[in-house]
Amino acid sequence: MRTSRLVLVITLIAILVIAAALATFLRQPGPREVRIKVTEFSYQVDSGQPIITLKVGEEIRVVLENVGKHDHEFLLVRDKDVAIQTVREELAKGTPDEALDRLKSNMAVMGIRYEVEPGSLTIFRLRFTTPGTFYFVCLETEPRGVPHAELGEVGQIVVEG
Ligand SMILES: [Cu+2]
């Protein structure tokens with residue numbers, strides 16, 4: 001009786017040790033997660049300044065959360081002022097929304113443009129192959145008819161070589 005209990009305990013310990021070793025073996029380190037909260041009219045990265053710093057080749061997982069009341073987006077550009085100015089000019093010309101949408105998608109560096117509705121999350125991954133400074137902007141215009149980036153919805157990405 002005592003021996004069988006000992007065998008049972010040893011067996012259980014062996015199973016636990018094997019399970020722990022297997023869990024360690026299977027655990028792959030995932031990409032670093034960066035959380036961005038967006039509202040009218042700003043981005044907050046990991047509860048701080050809207051700046052993301054990463055290394056060339058490093059992959060990050062971005063969780064973009066819209067805690068505001070309007071649609072927002074994450075549009076990656078090289079020059080934020082040119083992006084704002086371009087949308088301003090199109091608005092002045094009365095360019096329809098669909099055409100403005102296409103224009104914004106064409107402006108996006110590496111085609112990176114993600115929209116996020118109020119109360120929603122948009123999750124995506126980012127990786128850069130060259131160092132430099134980029135900007136993420138929101139060029140949505142509701143409700144004031146002004147690109148949100150002009151009201152402060154701008155963030156910076158620094159890619160270190
Ligand atoms: Cu916005």
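Placed above this text is the structure.
Calculation criteria
- Residues numbered from 1 in each chain as written.
- Predicted model: local features only at pLDDT ≥ 70, side-chain atom pairs only at ≥ 80, totals over all residues.
- Helix = DSSP H or I, 4+ residues; strand = E, 2+ residues; numbered from the N terminus.
- Buried ≥ 20, exposed ≤ 12 C-beta atoms within 10 Å, placed from the backbone.
- Contact = placed C-beta atoms within 7 Å.
- Pairing = 2+ DSSP bridges.
- Axes fitted to C-alpha atoms, helices over the stretch in contact; angles between N-to-C directions.
- Parallel < 35°, antiparallel > 145°, perpendicular 65-115°, else oblique.
- Left-handed = near helix turned anticlockwise from the far one by under 90°.
- Nonpolar A, V, L, I, M, F, W, Y, C, P; charged D, E, K, R; others polar.

**Considerations on the overall build of the protein chain**
Here comes step 1: Counting secondary structure elements, the protein chain contains three helices and nine strands.
Here comes step 2: The helix and strand sequence of the protein chain, counted from the amino end, reads α-β-β-β-β-β-α-α-β-β-β-β.
Here comes step 3: In terms of principal-axis extent, the alpha carbons of the protein chain reach across some 90 × 35 × 30 Å.
Here comes step 4: Scored against the burial criterion, the 161 residues of the protein chain give a buried share of 24%.
Here comes step 5: Taking contacts inside the protein chain between residues at least 6 apart in sequence as the whole, the part at least 24 apart equals 77%.

**Brief notes about the pairing of strand 1 (residues 32-39)**
Here comes step 1: Of the strand pairs in this sheet, strand 1 and strand 4 (residues 59-66) are connected by seven bridges, and their pairing is parallel. Bridging from a neighbouring strand, Lys37 pairs with Glu65 of strand 4.
Here comes step 2: Both strand 1 and strand 2 (residues 42-45) contribute to a ladder of four bridges, which runs antiparallel. Across the sheet, residue Ile36 finds its bridge partner in strand 2, namely Val45.
Here comes step 3: Between strand 1 and strand 2, which pair antiparallel and follow one another directly, the connecting turn spans two residues.

**Section: the packing of helix 2 (residues 80-92) against helix 3 (residues 97-107)**
Here comes step 1: Contact geometry for helix 2 and helix 3: axes closest at 11 Å, N-to-C directions at 165°. With respect to each other, helix 2 and helix 3 are oriented roughly antiparallel. The handedness of the crossing between helix 2 and helix 3 comes out as right-handed. Within the contact between the two elements, helix 2 uses Ala83, Thr86, Val87 and Glu90 and helix 3 uses Leu100, Leu103 and Met107.
Here comes step 2: Of the residues belonging to the contact of helix 2 with helix 3, the class tally is five nonpolar, one polar and one charged.

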